[in-house]
Number of protein chains: 2
Amino acid sequence: MTTPDDTAALNERHRARMERKKAIIDAKIAAADKQIGIIIVNTGNGKGKSSSGFGMAIRALGHGMKVGIVQFIKGAMATGEEQFLRRFPEEVSFHAMGEGYTWETQNRERDIAKAAEAWEQAKRFLADPAIGMVVLDELNIALKYRYLDVENVIADMLERPSMQHVVITGRGAPPELIEIADTVTEMNVVKHAFKAGIAAQAGTEW
Amino acid sequence: MTTPDDTAALNERHRARMERKKAIIDAKIAAADKQIGIIIVNTGNGKGKSSSGFGMAIRALGHGMKVGIVQFIKGAMATGEEQFLRRFPEEVSFHAMGEGYTWETQNRERDIAKAAEAWEQAKRFLADPAIGMVVLDELNIALKYRYLDVENVIADMLERPSMQHVVITGRGAPPELIEIADTVTEMNVVKHAFKAGIAAQAGTEW
């Protein structure tokens, strides 16, 4: 049985532990004071790479920033994020490469031409200081298939306005990109509904 | 030097490889045909757990679903996602626990009371078939500190409308929750800007 004394002791231990934790966290926050545009990469085989990019886009919108989005590879089918974000044309510029996954087109030269066109759009966002965040969804796939040259892509990114954030998603981020990124997360599958026979459903997967 | 013949051969190999890939993917898609509300868990120490939850919320909104969001733990400071999503009160119901991280409050009994109140709100969403997606942001932290009982939380979730999706975020997801979830992703840190002295900035971190 838990007595009132036990509870009081537990509450006090909790308070003391949280006080120490706060001191550590506050010191870390004080040490990390640089304000600068960062490059974020979401990679790995798990879920959440693109959706996290769109979640950051709405964070940025909530703080009054403008957002530029280019969807590489995807785009044959209008996704939920596209349908929603196209409601705010003053705040979000949305460009979808428009040809679907490369295993759907099966046409390498066409994919390369479309990727180059999408990168031209990305470069316009990366040159525009009025855009606070650029989301380059599935860029890693376009790099993996060598539709775009990683060194050119990196050079264009590093020349962007100093306060602009860039979020890049897709499996298989190339090592050159990981090297120059500020924050890199690997999304790993623990389990996936698809393996259990559940379809890729509206709202969760697209 | 790449000759026209080399390029033609490369393009043909690409086409053949993508044709095989498409056959495999199409077969997997045909086998996964169940349409049902799923439970998604985003855990791990890396970035992207909450932002992916908000990205899925806008996917669901794009498909015309209504979304219910409860933010556990966070909430002392208005985040970008909160400021943005509160613009759509007909489509998004947003509830923030409102006391900040537990190391800020340092008061276990108050945290428990606030978590119980937030869970009552979550239960209202989980009982409402008009809500297509429920996002329980940082619920894992509330479970880790035992502010809520994991068995009760799971029981309430399993009783929800059959087509409703639930997205749960936060480090340290308990094994009982992973067991009943359909899709679980572990976000792992490869590198983080904070370690390099860059502040948690508006738009990317909150």
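Residues numbered from 1 in each chain as written. Chains lettered and ligands numbered in written order. Predicted model: local features only at pLDDT ≥ 70, side-chain atom pairs only at ≥ 80, totals over all residues. Heavy atoms only, no water.

Chemist: Teacher, can you tell me more about the pairing of strand 2 (residues 66-71) of chain B here?
Modeler: The side chains of a regular strand alternate between both faces of the sheet. Residue and element names in this part refer to chain B. With 5 of 6 residues buried, strand 2 lies mostly within the body of the structure. Examined bridge by bridge, strand 2 and strand 4 (residues 131-137) share 6 bridges and lie parallel to one another. The residue of strand 4 that forms the bridge with Val 67 is Met 133. Strand direction decides the pairing type here: strand 2 and strand 3 (residues 92-96), joined by 5 bridges, are parallel. Note on strand 3: the bridge partner recorded for Val 70 is His 95. (Buried < 20%, exposed > 50% of the residue type's maximum accessible area, 1.4 Å probe, protein only. Helix = DSSP H or I, 4+ residues; strand = E, 2+ residues; numbered from the N terminus. Pairing = 2+ DSSP bridges.)

Chemist: What is the right way to read the environment of Val 153 of chain B from this model?
Modeler: All names here are of chain B. Within the secondary structure, Val 153 is located in helix 7 (residues 150-158). Residue class for Val 153 comes out buried when judged on its relative accessible area of 2%. With 14 residues separating them in the primary sequence, Val 153 and Leu 139 have C-alpha atoms 9.7 Å apart. With residues up to four places along the chain from it excluded, the contact list for Val 153 reads Trp 119, Leu 139, Leu 143 and Leu 148. (Contact = heavy atoms within 4.5 Å.)

Chemist: Whenever I open this one, the interface of chain B and chain A confuses me. Can you help?
Modeler: For interface size, the figure often reported is the accessible area lost on association. Listed by partner, the interface residues are 88 residues for chain B and 88 residues for chain A. Carbon and sulfur atoms supply 59% of the area that chain B and chain A bury against each other, a total of about 7,400 Å² over both sides. For the pair chain B and chain A, the interface holds 4 salt bridges. With a closest N to O distance of 2.8 Å, Glu 81 of chain B and Arg 59 of chain A form a salt bridge. The interface formed by chain B and chain A holds 38 residue pairs in polar contact (both at pLDDT 80 or more) in total. Those elements that provide at least two residues to the side of chain B that touches chain A are helix 1 (4-31), helix 2 (49-62), helix 3 (80-85), helix 4 (102-105), helix 5 (108-126), helix 8 (175-180) and strand 6 (183-191) of chain B. Here the element with the most residues in the side of chain B that touches chain A is helix 1 of chain B; it accounts for 15 residues. Residue composition of the side of chain B that touches chain A, grouped by class: 37 nonpolar, 27 polar and 24 charged. Alignment of strand 6 (residues 183-191) of chain A against strand 6 of chain B, held across 7 bridges, turns out to be antiparallel. Each bridged residue has a counterpart across the sheet, and for Lys 191 of chain A the counterpart in strand 6 of chain B is Val 184 of chain B. (Buried area = accessible area lost by both parts, 1.4 Å probe. Salt bridge = Lys/Arg side-chain N within 4 Å of Asp/Glu carboxyl O. Polar contact = N/O pair within 3.5 Å; in protein donor to acceptor, adjacent residues only side chain to side chain. Nonpolar A, V, L, I, M, F, W, Y, C, P; charged D, E, K, R; others polar.)

Chemist: When you look at the domain arrangement of chain A in this model, what are you seeing that I'm missing?
Modeler: You can read the domains of chain A as domain 1 (1-33) and domain 2 (34-196). Inter-centroid distance (C-alpha atoms) of domain 1 of chain A to domain 2 of chain A is 39 Å. (Domains from an automatic or database assignment.)

Chemist: Would you take a moment to explain the sheet that holds strand 3 (residues 92-96) of chain A for this structure?
Modeler: What links the strands of a sheet is backbone hydrogen bonding, and the strands pair in either a parallel or an antiparallel sense. Here 12 strands make up an open sheet; going across it, the order is 3(A)-2(A)-4(A)-5(A)-1(A)-6(A)-6(B)-1(B)-5(B)-4(B)-2(B)-3(B) and the pairing mixed. One side of each edge strand has no neighbouring strand; the edge strands of this open sheet are strand 3 of chain A together with strand 3 of chain B. Across this sheet, the average inter-strand angle for adjacent strands is 15°, counted without regard to direction. (Axes fitted to C-alpha atoms, helices over the stretch in contact; angles between N-to-C directions.)

Chemist: For this particular structure, what's the right way to read the environment of Arg 108 of chain A?
Modeler: For Arg 108 of chain A, the location among the structural elements is in helix 5 (residues 108-126). Distance in space between the C-alpha atoms of Arg 108 of chain A and Asn 152 of chain A is 20 Å, their sequence separation being 44 residues. Non-local contacts of Arg 108 of chain A, meaning those with residues more than four positions away in its chain, are made with Tyr 147 of chain A together with Leu 10, Asn 11 and His 14 of chain B. Here Asn 11 of chain B takes part through its side chain, which lies 2.4 Å from a polar atom of the side chain of Arg 108 of chain A.

Chemist: What am I meant to see in the relation of the copies chain B and chain A here?
Modeler: The relation between the two chain copies is a rotation about an axis coupled with a shift along that axis. Note on the copies: chain B fits chain A at an RMSD of 0.0 Å, the axial shift is 0.0 Å, and the rotation between them is 180°. In symmetry terms, the pair is related by a two-fold rotation axis. When the interface residues of chain B are mapped onto chain A, 100% of them again lie at the interface, so the same face is used by both copies. (Least-squares fit on C-alpha atoms with pLDDT ≥ 70 in both.)

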